[in-house]
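# Residue-level structure breakdown
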Amino acid sequence: MAEDFSIQGMLDMYLFENGQLLERLQEIVLEQKDEECFDEDSINEIFRTMHTIKGSSGVMMFDEITKISHKLEDVFFYLRESKPDNVPHLELVEHVLEVADFITAEMEKIQNGESADGDATEKVAAIDKFLNAIKNGEGEKTKDIKENVHEEPQQFYIAPMATSASRFYKIYLTFHPDVMLANVHAYKIVYSLKEIAEDLLHYPEDIISDEGSADEILENGFKILLQAQCSEEELKGLIKEGYELKKVDIYECTAKEFQQGFDSFGTEIRIDLESSVEEIQAKAEGIQPGEMYIAPASQPAAQEKQKIAPGDFVIESKEPGKGKKLAKDKPKKQEKAAFISVDVHKMDMLMDLIGELVIAESVVLQNPDLKIPGLRLDNFNKAAGQMTKISTDLQNVIMSMRMVPLTNTFQKMNRIVFDVSRKLGKDIEFEMVGEHTEVDKNIIEHISDPLMHLVRNAVDHGIETIEEREKAGKTEKGKVTLSAKTESGKVWISVKDNGRGLNREKIIAKARKQGLLDYMKPDSEYADKEVYQFITLPGFSTNEKVTEYSGRGVGMDVVVSNLQSIGGSLEIESTPGQGSVMNLKIPLTLAIIDGIVMEVGKSSFVIETGMVKEFVGMRENRLIKNPSGEEFVMIRGEGYPVLRIGERYQIDGYQADAEDGMLVLVEVEDQTICLLVDRLIGKQEIVVKPIPDYIKKVKGLSGCTQLGDGSIALILDAVGLIE
């Protein structure tokens, strides 16, 4: 069982870390896809990314991923070393993205418990052909460029064959105490050093099959003896401090000291003038043979718990010529932010528990036993107020933990624009605005597909071909802008293009053909927004020719239904010949909302506070009926449609007389409707629960919740009611 747990833990870490690397890789490539070439920093970062993925994949024995990542690493090794000027940039971008796609697909198979059975042979051959082409273009220049040679991962120990160019190092690595699977991270570092090593030893030795080595590494550090023909600076480039490594100490030693191994480390304590008295004393009292904070010396072995005496220290100055501060004057270092990866399912469970806590709080504070006349509850109310504050703060913290930026989602859209525009032969610029806006993780999962539909439609049907843009007097390059912002507890995401726009006449003709228009109402009386909303209906499309990416309208009903399932909406704006804007309005989170509780008959309803404009009570019945039976009310000279909730949902015992009820003005975008209810109960934090699948979906209802008295209230969907 322990072995299975270790392997699964390694696999989870492999998938998580490589997933992060691939996201960053795609971000770099798409940011510079329109440049003439990759800059030096990007080349180095892509090389390191491929080197890391190759190493970890070799450890996990995913041969095809190792093979293709190594081949792409070869390309960027050559670019880094020779700096050729004849590299077809777009072709290179496509190769990198193809490799990223292949690795991502294989990782998805692994995530789903399937075998990583993809074949990278053709892609490796294509990359190899590309590499040979740019090498041949450089001619004689390539003779002096060393090759990026890969050796099999099992050959870690090479018999020492020192030459005059060989150098010897003792390396000590200190990991952050909260790092998971430190032995796997140590193994990856050993794997990366292996390719430059003439001789390499490490302690602990068994860092994969021995699970206890992870605790040993966290407690006492990871020690490496390295013989290689490289400088200390090159070593520091391979082993860097980061989120897993707290400190990296590299000391050069002699061949004799190297051959003596880990026990050759002497007893002279290595310090610098920045060390505090406490640190010096701790090193003197707690020194152990093999500890890496000591420098080689010819003195006899030190006794344990030795006292500090003159001559016991070698002072190592890190920055000659600069003044040193005493320990007392040294400013306190700011604590670095510590991060830990958490399974999203655990976050969901925690969110559910917070919801149950909110419900339990309502049950306590609204308990009927507290409503006994004459009961003094001063102390109880103080305690209840404190509990409410803590639960609210707890909600806010959990909400913030679930909030993630839209950056990765937007980058995926960038990739879609790049791929589709290349296949369609269009020159399109992609712009992202507000990509760091944060929303709930569950919201992101619901909007990815709608955004993909809208962006594809903008590229395929919105942006014209180069020839069409020239005829229309437009710039040759089209533009798609994806922007996001937060406002009043909502997130606004818009997809804007400068293409041909929507054809109003064509949409009206199709709508009339399908019987969607009132035959008594002329076309001119339909507002543009009303007309454009027709394309969101199922099966409505003005595209005469079906393409791989479809036109505006195909799949738009899916977009709207996905948005409505999370309480969102879609608004369409368009100017013929200038382009279109698709505006998505979605909530920040789905879990807990502020709501207004209302009663109709013996039933309870809740509506989100942000949707409510005002409450109106009528002293006399001012409802107006039109010939078709629809009711309206005049408020300050404005007429608003009235919807009787009791009548709509056929509730027994509701107040039929409007004078005995209450009007709730609900506003969604530019539309307002008045809901007629019996009475208002009050404002309350609402934990949103989905309506069970065995209950038929009812338009205008988005979920349910439990109230303080234990009863169930239905949550009204304002968008559905207005429609």
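By convention here, each chain's residues receive numbers from 1 onward along its written sequence. The predicted nature of this model means local features are confined to residues of pLDDT at least 70 and side-chain atom pairs, given and counted, to a pLDDT of 80 or more, with totals for whole chains, interfaces and linings taken over all residues. The basis for every side-chain value is the complete set of non-hydrogen atoms in the structure, without hydrogens or water.

With that out of the way, let us pick up the overall build of the protein. When helices and strands are tallied, the protein shows 20 helices and 25 strands. A total of 723 residues make up the protein; the buried ones form 45% of that total. Contacts between residues were defined by any pair of non-hydrogen atoms, one from each residue, lying within 4.5 Å. Partitioning the contacts of the protein with sequence separation of at least 6, the portion at a separation of at least 24 is 71%. In these tables, accessible area is a Shrake-Rupley quantity obtained with a 1.4 Å probe, and a residue counts as shielded only by the protein chains included in the view. Accessible surface for the protein amounts to roughly 39500 Å². Of this, 52% is attributable to carbon and sulfur atoms. A run of H or I in DSSP counts as a helix once it spans at least four residues, and a run of E counts as a strand once it spans at least two, with each numbered from the N terminus. Here's how the labels work: a residue is buried when its accessible area is under 20% of the maximum for its type, exposed when over 50%, partly exposed in between, all with a 1.4 Å probe on protein chains only.

A word on the side chain of threonine 437. Tracing the sequence through the fold places threonine 437 in the loop between strand S9 (428-433) and strand S10 (438-440). Owing to a relative accessible area of 14%, threonine 437 belongs among the buried residues under this scheme. Residues adjacent in sequence count toward polar contacts only when both atoms are side-chain atoms; beyond that, a polar contact is any pair of N or O atoms within 3.5 Å, and within protein one must be able to donate a hydrogen and the other to accept it. A polar side-chain atom of threonine 437 sits 2.7 Å from the main-chain carbonyl oxygen of glycine 434. With sequence-adjacent residues up to four places away left out, threonine 437 is seen in contact with Val404, Pro405, Leu406, Ala484, Lys485, Thr486 and Val491.

A grouping of Leu350, Leu353, Val397 and Met401 is seen on the molecular surface, where their side chains present a nonpolar patch of about 350 Å² in accessible area. Going through the elements one at a time, helix H11 (344-365) and helix H12 (378-402) are the ones with two or more residues in the nonpolar patch. Among the secondary structure elements, leucine 350 is positioned in helix H11. The residues that make up patches have over 30% relative accessible area and no salt bridge, and they are joined within 9 Å when like-charged or within 5 Å when they are Val, Leu, Ile, Met, Phe, Trp or Tyr. Any Lys or Arg side-chain nitrogen located within 4 Å of an Asp or Glu carboxyl oxygen qualifies as a salt bridge.

A full pass over the atoms with the stated rule returns 31 salt bridges. A salt bridge links glutamate 94 to arginine 422; the nearest nitrogen and oxygen atoms lie 2.5 Å apart. Taken together, the positions of glutamate 94 in helix H4 (residues 89-111) and arginine 422 in helix H13 (residues 407-424) put the pair 328 residues apart, joining distant regions of the chain. Among the ionic pairs, aspartate 378 bridges to arginine 376, the shortest N-O distance being 3.1 Å. Look at arginine 376 and you get exposed, because its relative accessible area is 69%. Through salt bridges with shared partners, a single network forms among Arg24, Glu27 and Glu45.

A general tendency of soluble globular proteins is for nonpolar side chains to be buried together. By nonpolar core we mean a set of buried residues, namely Ala, Val, Leu, Ile, Met, Phe, Trp, Tyr and Cys, connected to one another through side-chain atoms within 4.5 Å. One finds Phe76, Ile171, Leu173 and Leu226 to be the most contacted residues of the largest nonpolar core, which totals 70 residues. Among the elements that line this core, the one with the most residues is H4, at ten residues. Not counting residues within four places of it along the chain, the set of residues in contact with phenylalanine 76 comprises Phe38, Ile43, Ile46, Phe47, Leu92 and Val96. Among the nonpolar cores identified, the runner-up in size contains 45 residues, and Ile463, Ala484, Ile535 and Val559 belong to it.

Listing the buried residues of helix H7 (residues 212-220) in full gives Ser213, Ala214 and Ile217. Along H7, the residues classed as buried sweep out an arc of 105 degrees about the axis, all on the same side. Among the exposed residues of H7, those oriented more than 90 degrees off its buried face are Asp215 and Glu219. One or two steps after H7, the chain reaches glycine 221, where phi turns positive at roughly 90 degrees. Throughout, the arc means that of the directions going from the helix axis to the C-beta atoms.

What follows is about the confidence of the model for the protein. Confidence of the predictor in every single residue is expressed as pLDDT, which spans 0 to 100. Here the protein averages 77 in pLDDT, while 80% of its residues score no lower than 70. This stretch, residues 151-159, has a pLDDT under 50; its non-local contacts, to residues over four places away or in other chains, come to 20 contacts.

This part takes up the side chain of aspartate 717. Structurally, the position occupied by aspartate 717 is in the loop between strand S25 (712-716) and helix H20 (718-722). With relative accessibility at 14%, the residue aspartate 717 sits in the buried group. The contact partners of aspartate 717, leaving out residues within four places of it in the chain, are Gly700, Leu701 and Ser702.

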